[in-house]
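These are the residues of each chain, in order.
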Number of protein chains: 2
Amino acid sequence: MSLLVVGSMAFDSIKSPFGAVEKVIGGSATYFSLAASYFAPVRLVSVVGKDFPAGVIDMLAARSIDTSGLRIAEGETFRWKGYYEYDLNTAHTLETELNVFKDFAPVLPDSFRDSPYVFLGNIDPRLQMDILRQVRKPRLVALDTMNYWIGNSPGPLREVIGKVDIVVFNEGEIREISGEYNLVKAARVVMGWGPGRVVIKRGEYGVLHISDGTMFAAPAYPLETIFDPTGAGDSFAGGFMGYLASRAGTELSDMDYRLATMYGSAIASFTVEAFSTERLQGLSNGDITERVESFRALTEFQV
Amino acid sequence: MSLLVVGSMAFDSIKSPFGAVEKVIGGSATYFSLAASYFAPVRLVSVVGKDFPAGVIDMLAARSIDTSGLRIAEGETFRWKGYYEYDLNTAHTLETELNVFKDFAPVLPDSFRDSPYVFLGNIDPRLQMDILRQVRKPRLVALDTMNYWIGNSPGPLREVIGKVDIVVFNEGEIREISGEYNLVKAARVVMGWGPGRVVIKRGEYGVLHISDGTMFAAPAYPLETIFDPTGAGDSFAGGFMGYLASRAGTELSDMDYRLATMYGSAIASFTVEAFSTERLQGLSNGDITERVESFRALTEFQV
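What counts and how
Residues numbered from 1 in each chain as written. Chains lettered and ligands numbered in written order. Predicted model: local features only at pLDDT ≥ 70, side-chain atom pairs only at ≥ 80, totals over all residues. Helix = DSSP H or I, 4+ residues; strand = E, 2+ residues; numbered from the N terminus. Rg over C-alpha atoms; globule rule 2.2 N^0.38 Å. Buried ≥ 20, exposed ≤ 12 C-beta atoms within 10 Å, placed from the backbone. Contact = placed C-beta atoms within 7 Å. Least-squares fit on C-alpha atoms with pLDDT ≥ 70 in both. Nonpolar A, V, L, I, M, F, W, Y, C, P; charged D, E, K, R; others polar. Axes fitted to C-alpha atoms, helices over the stretch in contact; angles between N-to-C directions. Parallel < 35°, antiparallel > 145°, perpendicular 65-115°, else oblique. Left-handed = near helix turned anticlockwise from the far one by under 90°. Core = buried A, V, L, I, M, F, W, Y, C linked by C-beta atoms within 7 Å. Expected span 1.5 Å × (residues − 1). Arc of directions from axis to C-beta. pLDDT = per-residue confidence, 0-100. Pairing = 2+ DSSP bridges.

A. Highlighting the overall build of chain A. Helices and strands together make up the secondary structure of chain A, namely eleven helices and 13 strands. Against the compact-globule benchmark of 19 Å for 303 residues, chain A has a radius of gyration of 18 Å, which places it among compact chains. Taking all 303 residues of chain A together, the buried fraction comes to 50%. Nonlocal contacts in chain A, meaning residues at least 24 apart in sequence, comprise 66% of its contacts between residues at least 6 apart.

Next comes the structure, spelled out in structure tokens:
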């Protein structure tokens, strides 16, 4: 069933110890949509400038991504410039130019209002709330955020978190918003505000998925070559939500959430193998299944 | 079958965000022996001063730990003073007094020379080599080390690493000794020197076990209360080697190494629940099995 995503599309300029690229395709909604499109039809809501290549939009539309919610505005596309050192867990920002993203006030096309699955990407929590009001009766809503909103808009952020089912954080974010260093306690604080599940992204250390009464830990795949970690978290979220949307019609079980976590991890492990969305565009279902199988081989044991 | 361990015994003074203790029992060989004693008979080689409590030695001997290789020397026991902040992965050393440990030149009792399983704790690599020469024909030898020896005695360390089957590192150590930041590549460099297996300890992120052709990733157990991480790595190693020693008589399979990793992780997860060796002294086999079962519940998924 359809999965709505709202978030940024961007041009990235990235340096890592393994190379450098200028003005390549990036943005959280771009990575999310591509990752999710392997599992479910995606409805994309974002904004780009007139400078954004039509070919990329065509590439998205050629997959199961409905781009009718993508506005092409007068002006330039959001740009991010950053670098990584050997510790690929930390992105260092050099420049952010919001450009057309500054005035992003997403309005859902009518045909998107019945979306059963919703991912509120990392944008102003007031806009996240506004999107939620425009969706009729979603089955499952997940939210991503970042330190900037935790520090600058704690009230609106707490309010929208109270309305969603799942929050996706990295370790620093959940510690900051909860005031608890210990991740189990931090997750409990956040679940006290409403969400039934918290997904904590730990970069090269994988993911910790906590809900009331169960915990699931997934490692990241120990790759030999990680070219560019940009978009790994968004790809994870896309694979995670995409898998859940693909299970529509059945009641979601704990195992579904575990598998969603593994499919998300598999997709993220491909994303980092190349710069930009390069690796993410040409996967086969066989590639993904094989990677999930490698994860099983990586973690399984029998007492 | 018997498991020989050579390493330090100490008095620790520790501060963590959850309390402080003065002059409690510590030392790598102490944690290792206690942890391993749940699985196999242990032969302990270490040195303490006259100030070391006889009651503690009795407590060790009352378990399956042969203390006939423990020398009680004139002078004071090794002391370590340190603290942890919220990031429990990093120990900050305030003071180290080697005392009787400075002149530690371990001589194996004759009855220890046939030990089939050997753990060379973190001591001068020249002493590690000396111990190896005193053991007749060990089946399986593992080695631990630390940044100090990597920086100050790289030659002797490389030499002894060439003689062992398994090396246990933390992430910083294997990166430093191999000159490779990527852990998979780093492990391959070390395996090129001789050992067939590398175990990489990642603190709260668990353990990565790499051998030629297979990888196994185990998370750390996400505990709500971690009082004191001191000894977690040594307890892990004790449980890991103890489990392997308990499998003697059968050819060790990949699954044995996986289970050894999980039993080590289970024991380590108990160690950190209290200061010093407190929690480690009173476990039942049921406690340990239950914790390994919790790890299974934490990581399992079915495609």
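B. Broad picture of the relation of the copies chain B and chain A. Taken as rigid bodies, chain B and chain A are interconverted by a rotation of 180° and an axial shift of 0.0 Å, the fit giving an RMSD of 0.0 Å. These values place the two chain copies in the arrangement generated by a two-fold rotation axis. Looking at chain B, 100% of its interface residues are interface residues in chain A too, so the copies touch through the same face.

C. Layout of the interface of chain B and chain A. Facing 27 residues of chain B, the contacting portion of chain A comprises 27 residues. Where the side of chain B that touches chain A is concerned, the elements lending two or more residues are helix 7 (183–192), strand 13 (214–218), helix 9 (254–271) and helix 11 (285–299) of chain B. When residues of the side of chain B that touches chain A are assigned to their parent elements, the largest contribution, five residues, is made by helix 11 of chain B. Split by residue class, the side of chain B that touches chain A holds 18 nonpolar, three polar and six charged.

D. Representation of the packing of helix 3 (residues 125–134) of chain B against helix 5 (residues 154–161) of chain B in the model. Residues and elements named next belong to chain B. At their nearest, the axes of helix 3 and helix 5 sit 8 Å apart, and the two run at 30° to each other. Taken as axis vectors, helix 3 and helix 5 run roughly parallel relative to one another. At the point where helix 3 passes helix 5, the crossing takes the left-handed sense. Residues Pro 125, Arg 126, Gln 128, Met 129 and Leu 132 of helix 3 form the contact with helix 5, whose own contacting residues are Pro 156, Leu 157, Glu 159 and Val 160. Here the residues of the contact of helix 3 with helix 5 are counted per class, giving six nonpolar, one polar and two charged.

E. Structural view of the nonpolar core. Core analysis: the largest hydrophobic core is formed by 194 residues, its most contacted members being A:Val5 and B:Val5. Here B:Val5 is in contact with B:Ala29, B:Phe32, B:Ser33, B:Ala36, B:Val42, B:Leu44, B:Val45, B:Phe119 and B:Gly121, once residues within four sequence places are set aside.

F. Seen up close, helix 11 (residues 285–299) of chain A. With 15 residues, helix 11 of chain A ought to run about 21 Å at 1.5 Å a step, and its terminal C-alpha atoms sit 21 Å apart, in line with that. Within the span of helix 11 of chain A, buried status applies to A:Ile288, A:Arg291, A:Val292, A:Phe295, A:Leu298 and A:Thr299. Seen along its axis, helix 11 of chain A keeps its buried residues to an arc of 110°; they face one direction. Seen from the open side of helix 11 of chain A, the exposed residues pointing more than 90 degrees away from its buried face are A:Gly286, A:Glu290 and A:Ala297. Where helix 11 of chain A is buried, its residues touch helix 9 (254–271) of chain A together with strand 13 and helix 11 of chain B.

G. How the structure looks around the confidence of the model for chain A. Scored by pLDDT, chain A comes out at a mean of 95, with 100% of its residues at no less than 70. Among the scores for the predicted complex, ipTM is 0.91 and pTM is 0.94.

H. Up close: unusual backbone geometry. Despite not being glycine, A:Lys23 shows a phi value in the positive range, around 55°. Mapped onto the elements of the fold, A:Lys23 is located in strand 3 (residues 19–26). A:Lys23 sits in the partly exposed class, given 15 other C-beta atoms within 10 Å. Notably, B:Asn99 is not glycine yet its phi reads approximately 50°, a positive angle.

I. Local environment of the sheet that holds strand 9 (residues 140–144) of chain A. Residue and element names in this part refer to chain A. Ordered by their spatial adjacency, nine strands build an open sheet running 5-4-1-8-9-10-11-12-13, and the pairing between neighbours is mixed. The open sheet is flanked by strand 5 (65–73) and strand 13 (214–218), the only strands paired with a single partner. Each adjacent strand pair in this sheet contributes to an overall mean axis angle of 15°, direction not counted. Bridge analysis of strand 1 (residues 3–6) against strand 4 (residues 42–49) gives four bridges, and the strand direction is parallel. Bridge assignment links Val 5 to a residue of strand 4, and that residue is Leu 44. Across the sheet, helix 9 lies against strand 12 (207–211) and strand 13, angled at about 20° from strand 13, the strand it touches most.

J. Structural detail: the environment of B:Val118. All names here are of chain B. Within the element layout of this structure, Val 118 appears in strand 8 (residues 117–120). Owing to 26 C-beta atoms within 10 Å, Val 118 belongs among the buried residues under this scheme. Taking C-alpha positions, Val 118 is 24 Å from Asn 152, a pair spaced 34 residues apart along the chain. Here Val 118 is in contact with Leu 4, Val 135, Pro 138 and Val 141, once residues within four sequence places are set aside.

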